[in-house]
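Fold and geometry: a report
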Amino acid sequence: MTVPSPEPVRSGPAPLLEVSGVDVRFGGVQALQGVDMTVPAGTVTGLIGPNGAGKTTFFNVVCGLQEAQAGRILLAGGDISGRKAYQRARLGIARTFQRLEVFGSMTARDNILVAAEVHRRWARTGPDPSAEADRILDLVGLKARAEEQVDAMPTGLARLVELGRALATAPKLLLLDEPSSGLDESESEEFGRLLTRLAADGLGVLLVEHDIELVMSVCSRLYVLDFGRILAAGTPAEIQRDPLVRAAYLGVGDQAAEEIAGVG
Amino acid sequence: MNLILSYAVVGLVLGCLYALTASGLVVTYTTSGIFNFAHGAIGMFMAFTYWQLAVGWHLPVPLALALVVLVLAPLSGALIERLIVRPLYGASLGITLVVTLGLLLLLLGLADAIWPPVTTRQLPSIFPGQFRVFSVVVTFYELMVLVVSVAVAVGLRFLFTHTRVGITMRAVVDDRDLTARAGASPVRTAQLSWALGASLAALAGILIAPLQYLDQFNLTLLVVTGYAAAVVGRLRSLPLTVAGALLLGLVQSFATGYLPTNLLSDIGPAIPMGLLFIALLVRRQERLTQARLTGQRSRRVLDLKPSLFLAGGFIALSVVMSEVLSPGNLLTYGQGIVLGVVMLSLVLLTGYGGQVSLCQMTLAGLGAFCMGKIAGGNSLLGLVAAVVLPAAVGGLLALVVLRLRGIYLALATLAFAYSMDYLFFNHFLGFGGILAVGRVAAQSQKGFLVEASVLFAVLGVGVLALRRGSFGRRLAALNDSEAACASIGMNITAVKVTVFVVAAGIAGLGGALYGGWQGQVGPDDFQMLTSLILLLLVTLGGIDTVGGAFAAAIFYAFSPVIQRHIPISNFQLLAVGAGAIFLGRNPGGFAGQLSLVADRLRLRAGSAGVPITAPAASSVDGAGSRSGAPSGEAVRLAGSH
Ligand SMILES: Nc1ncnc2c1ncn2[C@@H]1O[C@H](COP(=O)(O)OP(=O)(O)OP(=O)(O)O)[C@@H](O)[C@H]1O
Ligand SMILES: [Mg+2]
């Protein structure tokens, strides 16, 4: 297993995404509590944690679908906390959804095309949407199934459609919520290579993933979320050794804890 | 002082009656997740049934009352749930709305056929007589309403907090799956709630009826006031609903007492709608809609060439029809076509964009109004205004209701239509009675028919082109998932306002054509109920295709002809109602069925044009497999290789 060498966290100007002190409460449930996080451009950052830890909620806060009770979100140094979801998307935040949010009545190609068209409309520059859609279909490996209606596709492929759609917005930051569930082992590896390639092109990726193997292989830095708090942050190697993390995962399942400890 | 008290008593009684209706609505909605537009119609039907037993067949009043409220109503409620509602769990709002509206029309049509409105019917007074409290006269009937309502409220409260059944009912609302896992059957619970809801509807119908003579339409539409109260309770909270209902009753009663009579008769009925509007708008921001699995294969959008071909064929058909049809049949054929234009606006707005509108005839009426009032009633200027003014109103409406989605959007457009009935169409300062509307270009009957057909064809081709293009993709995306739209940087507001404006413009044009075809129009042509029928018709035809609007137009055109040859009265109402109910099992409408058949034929012919694969998840249950349910993920995490 190859682990890319961790990059220095603060090189150059402001990091791509800088989140500080985010609180979210749902009635009595404290879903997020004082969450700080930094995601640099050009790398894949991992966010792991047991079920219900608040990972998806964190994504929703970053992309503007969920209001936070407290906290600041900076994108490339600019405060976006007050912006609406679509405005944040135009500033360069794209995402996929754990609970799929595809345009199910449309074909895979149209899913990607509509995103490219929207981007072209407001940006007034950029490649021709139709050509861009074809390029991305190729990139995510959906060329052969471009004309299928997405509702009828298996989950794994539908997730790739979401990835393609997110890429069609020409994002700076990509939030991926469990993108590999529904993919088999070889597809998962292929997906990991794609992520590394995207990051190498300068994209900042924040990856939520239960497939520990994938996380360990592509992430240069990891955050561990537990009960809405950041439990630990560091390189995959550091996280594997962290006793707190092992304890948290022991609450979920021995096997997972062993997996965290054992991979790499 | 006495006067105030008297009005308070009347208002309280009225409020109690509204509370009974609204409570039934809330109970069924929270437990089954389906907003029952037919709630009032069920109450109406039961009130008539009660009249039949007590007056028609001379049963003793208490026996008739018990029979209706405790036996017949719950039985029909349970039956309705079993036969009509059950296939709808997990269906889109558009479908549930159309099916329950269909039930409304069916019951209305049935009641009209069974109890023809040629004689006036009065319910027997249950407790005649009156007494005085602090010199305020209170009738025993009023006292009884108060007592019954309080008893029902207390009973419901007890049911939901202290009994197993009631607690399960509440649990179903929060989490269907969880309830199922806990061993209670959500379906059985929902059935119970429909039985209970029907009982409450019957009780309300029977108790409200003595305030007026029995009338199908009025009794059915009284529930619209109930909608307002239910929305105050956010369709969930019974105490808030009751409070809203009492407030409504009191406001109405004091309005009767203190508003000048002429003003009151004009705006009185719109008061509940005003409250409904306010209650809707003060709701906090709703979440963006999320994707749902319908398991439905979407139909291909027709390409330009075939759509031009079909448009040409349609115009040719109209030319032929204009020659062969008798004047009477020509009239209904033309009506179908001009209303078809209004239906096209629904295809765009509701079919493509997923924005349910129950006020398209109101906008059409504004179009007819512009056409008739401006420059002699037959000018091009009038026609332009007939597009522009409704479009502007549509845009304004869109901005006001922007935050609302799903059932709340539907209710807001319904409130708009209902208020416009009173504030504009039936107001001497507004529409002002019968209005003569002229024609632009062709003046003869045949010529105008062809003109209207050409317009319909052009609009049809245009709507299809819009759907195929970039805006159409954005509309479809909006219909599928607003959350995803926002995530790709789409300005949802802009798309919504645009589609409302364009659709309203088309509806306005349709209204102007309708006026021109009829020669003169009145307020009745543009009533809320007509909007509902139109929506049902086009859904029956297939609301997501232009062909659907065409099919609906043709059905509308020829149903009077069919009516003449069969002995059933209210054929159109019954057919549309029954058809809409049938939709619960076959969404997609007539056009959808046709395209399914076409696909099968194509498959059999061996040309593999469209792959017909079964969707990965074809039912509601399938949604779970896609939603990344936490439990499934936990297993994966713990047990992965
Ligand atoms: N809309 C909501 N309303 C109420 N509670 C919510 C809502 N969304 C999330 N929660 C709660 O917030 C907590 C965090 O949920 P979240 O979905 O963010 O976790 P997660 O880390 O993504 O879990 P998983 O690994 O299962 O996807 C959970 O306790 C969840 O029940
Ligand atoms: Mg999650």
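Residues numbered from 1 in each chain as written. Chains lettered and ligands numbered in written order. Predicted model: local features only at pLDDT ≥ 70, side-chain atom pairs only at ≥ 80, totals over all residues. Heavy atoms only, no water.

Regarding the overall build of chain A
- Counting its regular elements, chain A contains ten helices and ten strands.
- Out of the 264 residues in chain A, the part that is buried amounts to 56%.
- If you take every contact in chain A between residues at least 6 apart in sequence, the share linking residues at least 24 apart comes to 65%.
- Of the roughly 10,500 Å² of accessible surface on chain A, 49% is carried by carbon and sulfur atoms. (Helix = DSSP H or I, 4+ residues; strand = E, 2+ residues; numbered from the N terminus. Buried < 20%, exposed > 50% of the residue type's maximum accessible area, 1.4 Å probe, protein only. Contact = heavy atoms within 4.5 Å. Areas by Shrake-Rupley, 256 points an atom, 1.4 Å probe, with all protein chains shown as cover.)

A short note on the overall build of chain B
- The helix and strand tally for chain B stands at 27 helices and four strands.
- Counting every position in chain B, which comprises 641 residues, the buried fraction comes to 55%.
- By sequence separation, contacts in chain B at least 24 residues apart represent 79% of the contacts at least 6 residues apart.

Focus: the packing of helix H9 (residues 216-232) of chain B against helix H10 (residues 238-258) of chain B
Residue and element names in this part refer to chain B.
- Direction vectors running N to C along H9 and H10 enclose 135 degrees, while the axes themselves pass 7 Å from each other. Comparing their axes, H10 and H9 come out oblique. In this structure, H9 crosses over H10, and the sense of that crossing is right-handed. On the side of H9, the interface is formed by Thr225, Ala228, Ala229, Ala230 and Val232, while H10 contributes Leu240, Thr241, Gly244, Ala245 and Leu248. (Axes fitted to C-alpha atoms, helices over the stretch in contact; angles between N-to-C directions. Parallel < 35°, antiparallel > 145°, perpendicular 65-115°, else oblique. Left-handed = near helix turned anticlockwise from the far one by under 90°.)

Topic: the site of ligand 1
- Surrounding ligand 1, one finds 15 residues, the nearest of these being Gly52, Lys55, Thr56, Thr57 and Gln98 of chain A.
- Proximal residues around ligand 1 fall on chains A and B, making this an inter-chain site.
- One nitrogen or oxygen atom from the side chain of Asn51 of chain A is found 2.9 Å from an oxygen atom belonging to ligand 1.
- Thr56 of chain A is positioned such that a nitrogen or oxygen atom in its side chain is 2.7 Å from an oxygen atom of ligand 1.
- Protein chains bury 67% of the 630 Å² of accessible surface belonging to ligand 1 in isolation.
- Those elements that place two or more of their residues in the shell around ligand 1 are strand E2 (29-39) and helix H1 (55-63) of chain A.
- Among the elements that make up the shell around ligand 1, the one with the highest residue count is H1 of chain A (three residues). (Near = heavy atom within 4 Å. Polar contact = N/O pair within 3.5 Å; in protein donor to acceptor, adjacent residues only side chain to side chain.)

Regarding the packing of helix H22 (residues 528-541) of chain B against helix H23 (residues 546-565) of chain B
Residues and elements named next belong to chain B.
- For the pair H22 and H23, interaxial distance at closest approach is 7 Å and the crossing angle is 120 degrees. When the axis of H22 is compared with that of H23, the two are oblique. Crossing angle aside, the handedness with which H22 passes H23 is right-handed. For the pair H22 and H23, the contacting residues are Leu537, Val538 and Gly541 in the first and Gly548, Ala549, Ala551, Ala552, Phe555 and Tyr556 in the second.
- Taken together, the residues of the contact of H22 with H23 break down into seven nonpolar, two polar and no charged. (Nonpolar A, V, L, I, M, F, W, Y, C, P; charged D, E, K, R; others polar.)

As for the domain arrangement of chain B
All names here are of chain B.
- Domain boundaries in chain B define domain 1 (2-282) and domain 2 (304-589).
- Relative placement of domain 1 and domain 2: their C-alpha centres are 32 Å apart.
- Every contact between the two is made by 39 residues of domain 1 and, on the other side, 42 residues of domain 2.
- Buried surface at the junction of domain 1 and domain 2, summed over both partners, amounts to about 3,500 Å²; 82% is from carbon and sulfur atoms.
- At the boundary of domain 1 with domain 2, the tally comes to zero salt bridges. (Domains from an automatic or database assignment. Buried area = accessible area lost by both parts, 1.4 Å probe. Salt bridge = Lys/Arg side-chain N within 4 Å of Asp/Glu carboxyl O.)

Notes on the nonpolar core
- Counting 254 residues, the largest nonpolar core has Phe37 and Leu358 of chain B as the members making the most contacts within it.
- Val22, Cys63, Leu75 and Val208 of chain A belong to the second-largest nonpolar core, a separate cluster that totals 27 residues. (Core = buried A, V, L, I, M, F, W, Y, C linked by side-chain atoms within 4.5 Å.)

Focus: unusual backbone geometry
- For Phe227 of chain A, which is not glycine, the phi dihedral falls at a positive 45 degrees.
- Along the chain, Phe227 of chain A falls in the loop between strand E9 (221-226) and strand E10 (229-234).
- With phi around 55 degrees, Arg234 of chain B is a residue other than glycine that occupies positive phi space.
- Residue Arg234 of chain B is classed as partly exposed on the basis of its relative accessible area of 36%.

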